[in-house]
2 protein chains.
Amino acid sequence: MQTAEAKFNKNNLLLTLRRYSSAVSDMEQTILLPSLLRDVPSDEMVDSESAEESCRDLYSNYLMLKAIRNTVESSLVPLDDHKTKNNAVISKTLEPLMDTDPEALFRFHLKGLFSVMCNLTKKTQSVTDKYMDIIGVAN
Amino acid sequence: MQTAEAKFNKNNLLLTLRRYSSAVSDMEQTILLPSLLRDVPSDEMVDSESAEESCRDLYSNYLMLKAIRNTVESSLVPLDDHKTKNNAVISKTLEPLMDTDPEALFRFHLKGLFSVMCNLTKKTQSVTDKYMDIIGVAN
């Protein structure tokens, strides 16, 4: 049975952000030679149909995860962000909600941020694990 | 010219969350008789075409803003949230991004949360101002 405290820890956004920062610190401390990650495909690339489009190796994942950690730790919102096509379409769909149901919009983004941070934490741990495999150290 | 510090304060998500909490505290301390807000239409109702659908008076706004403040202060993510139709459609659109471009998804939700919190802070200040008007106290 899940205790109230366990539930609190699991669903807490600020703790989730801290867990992510801590996973990236672990990754940085473990990966002493990041260049070993170059050209090593990530799982998503093997599984995904759009592998050739995204062209992501573990090294670019490593850089991306560090960049996101910096944004998380400063908690500065990149307002001059260039929107992807998808995001622009979705923002347009969400705009009317701002006036009619801001509470739904708040919950939508809160849950979305929480979910993406959980996913990125797993991704970070996976990069760390794969580096250990590459250098031949058992986890 | 905007200084670096001013920019930092303006675009910071955690400070924006705190500003919201503080605006709701002000609202609570000012509004000693919340029932005076019953049946008072909010601006959005007057302007919006969907006024009759949303049926929101200032009193329901007051309750909503306090409920959101409680979620913000606990930073607990409501995982058992019943999705609105709109949100379900949008979540479906966003899912593929989780694997192909989690960084874009992260920025999308970070900016979204920031933007909705700025909007809710203004809404809170507006409810406080309107209460002052109702009881005849000049701002």
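Check the entry above for the structure.
Quantities reported herein were computed from a predicted structural model and do not represent experimental measurements.

(A) Up close: unusual backbone geometry. Residue and element names in this part refer to chain A. Positive phi outside glycine occurs at Asp-39, with the angle close to 65°. In this structure, Asp-39 sits in the loop between α2 (13–30) and α3 (43–47). Overall, the relative accessible area of 68% leaves Asp-39 in the exposed class.

(B) Quick look at the interface of chain B and chain A. Contact residues are listed per partner, giving 52 residues for chain B and 51 residues for chain A. Interface area, chain B with chain A, both sides summed: about 5000 Å², of which 69% is carbon and sulfur. Applying the counting criterion to the chain B and chain A interface returns zero salt bridges. Seen at the junction of chain B and chain A, the total is nine residue pairs in polar contact (both at pLDDT 80 or more). At the level of secondary structure, the elements contributing two or more residues to the side of chain B that touches chain A comprise α1 (4–11), α2 (13–30), α5 (58–74), α6 (85–100) and α7 (102–134) of chain B. If one sorts the elements of the side of chain B that touches chain A by residue count, α7(B) sits on top with 19 residues. Class assignment for the residues of the side of chain B that touches chain A results in 26 nonpolar, 16 polar and ten charged.

(C) Up close: the relation of the copies chain B and chain A. Under the fitted operation, chain B is carried onto chain A by 0.0 Å of movement along the axis and a turn of 180°, and the coordinates agree to an RMSD of 0.0 Å. Taken together, these values place the two copies in the relation of a two-fold axis. Every residue of chain B has its C-alpha some distance from the rotation axis, and the shortest such distance is that of B:His109, at 2.6 Å. Both copies share a contact surface, since 98% of the interface residues of chain B are interface residues in chain A too.

(D) Just α7(B), in detail. Helix length check: α7(B), at 33 residues, gives a terminal C-alpha distance of 48 Å against a target of 48 Å (1.5 Å per residue), a fit within 8%. Backbone geometry just after α7(B) places B:Gly136 at a positive phi near 75°.

(E) Summary view of the environment of A:Ser22. All names here are of chain A. Considering the arrangement of structural elements, one finds Ser-22 in helix α2. Residue classification places Ser-22 among the partly exposed positions, given a relative accessible area of 41%. With 99 residues separating them along the chain, Ser-22 and Thr-121 place their C-alpha atoms 9.0 Å apart.

Rules and cut-offs
Residues numbered from 1 in each chain as written. Chains lettered and ligands numbered in written order. Predicted model: local features only at pLDDT ≥ 70, side-chain atom pairs only at ≥ 80, totals over all residues. Heavy atoms only, no water. Helix = DSSP H or I, 4+ residues; strand = E, 2+ residues; numbered from the N terminus. Buried < 20%, exposed > 50% of the residue type's maximum accessible area, 1.4 Å probe, protein only. Contact = heavy atoms within 4.5 Å. Buried area = accessible area lost by both parts, 1.4 Å probe. Salt bridge = Lys/Arg side-chain N within 4 Å of Asp/Glu carboxyl O. Polar contact = N/O pair within 3.5 Å; in protein donor to acceptor, adjacent residues only side chain to side chain. Nonpolar A, V, L, I, M, F, W, Y, C, P; charged D, E, K, R; others polar. Least-squares fit on C-alpha atoms with pLDDT ≥ 70 in both. Expected span 1.5 Å × (residues − 1).

In short, the description is geometric, and any link to function would need to be established separately.
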